[in-house]
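Architecture and fold: a report
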Amino acid sequence: MSMKYSRQRAAILSFLQSRRDHPTAELVYSSVKEEFPNISLGTVYRNLNQLADAGMIAKHSFGILGIDHFDYNTNPHYHFVCSCCNAVIDLPMEHSGFPAIDAEAARDFNGLIHGHRLYFYGICRKCLDQGS
């Protein structure tokens, strides 16, 4: 998908590239608004969805959070969601399990599996240290 250049979209992409915490659209909006005071939350959402549709960023919906999070890293990887502070953290796991999980799921399934989405949840180290 080819997109026309936009300074706002470039600022959104640059912001995501600088982060490792999988921000929400609202967090992206509050940051980009400093450079573009007239930008609307709707414009940020629209640009994030266009970037995700183009494969330039990843859009994640973690069921327990009920809100989309965005990730500059589009390579296959797993996530951990803290049930106390709602942090989304990349898990440093061997990625060779991706095709194996898909193959195992497809073994006795009478359909076509294109992939999977999986996240882990519990309590992050920061919350454990704070006694949450």
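Above this note sits the structure.
Residues numbered from 1 in each chain as written. Predicted model: local features only at pLDDT ≥ 70, side-chain atom pairs only at ≥ 80, totals over all residues. Heavy atoms only, no water.

1. Points about the sheet that holds strand β3 (residues 78-82)
Rule in force here: Strands qualify as paired when DSSP identifies two bridges or more between them. Where helices and strands are cited, they refer to DSSP runs of H or I of at least four residues and of E of at least two residues respectively, numbered from the N terminus. Throughout, an axis means a line fitted to C-alpha atoms (over the contacting stretch in the case of helices), and angles, computed between N-to-C directions, take values from 0 to 180 degrees.
Pairing is mixed in the open sheet, where three strands are placed in the order β4-β3-β5. Looking at the sheet topology across the chains shown, the edges are occupied by β4 (88-91) and β5 (119-122). Within the sheet, the average angular offset between the axes of one strand and its neighbour, ignoring direction, is 30°. Here four bridges tie β3 to β5, and the two strands are oriented parallel to one another. Among the inter-strand pairings, His79 is bridged to a residue of β5, identified as Tyr119.

2. Some details on the environment of Ser40
Note the threshold: Think of a polar contact as two N or O atoms within 3.5 Å of one another; within protein, one of them needs to be a possible hydrogen donor and the other a possible acceptor, and neighboring residues in sequence only count if both atoms come from side chains.
Along the chain, Ser40 turns up in the loop between α2 (25-35) and α3 (41-53). In this structure, the C-alpha to C-alpha distance between Ser40 and Lys4, residues 36 residues apart in sequence, is 19 Å. Within polar-contact distance, the side chain of Ser40 engages the side chain of Thr43 at 3.0 Å.

3. A few points about the side chain of His22
Looking at the element boundaries, His22 is found in the loop between α1 (7-17) and α2. Here the side chain of His22 touches Asp71 through a polar contact of 3.0 Å, side chain to side chain. Of note is the side chain of His22, whose polar atom sits 3.2 Å from the side chain of His79.

4. Some remarks on the nonpolar core
How we decide: Nonpolar cores are built from buried Ala, Val, Leu, Ile, Met, Phe, Trp, Tyr and Cys residues. Side-chain atoms within 4.5 Å join them into one set. Accessible area is worked out with a 1.4 Å probe on protein chains only. A residue is then buried under 20% of its type maximum, exposed over 50%, and partly exposed in between. Contacts are assigned to residue pairs that have any heavy atoms within 4.5 Å of one another.
By size, the foremost hydrophobic cluster in this structure holds 16 residues, and its most contacted members are Ile12, Leu16, Val28, Val32, Leu48 and Ile57. Secondary-structure elements contributing two or more residues to this core are α1, α2 and α3. Per element, the largest residue contribution to this core is five residues, and it comes from α1. Residues within four places of Val28 in sequence aside, it is in contact with Ile12, Phe15, Leu16, Pro23, Val44 and Leu48.

Keep in mind these values describe shape, not function.
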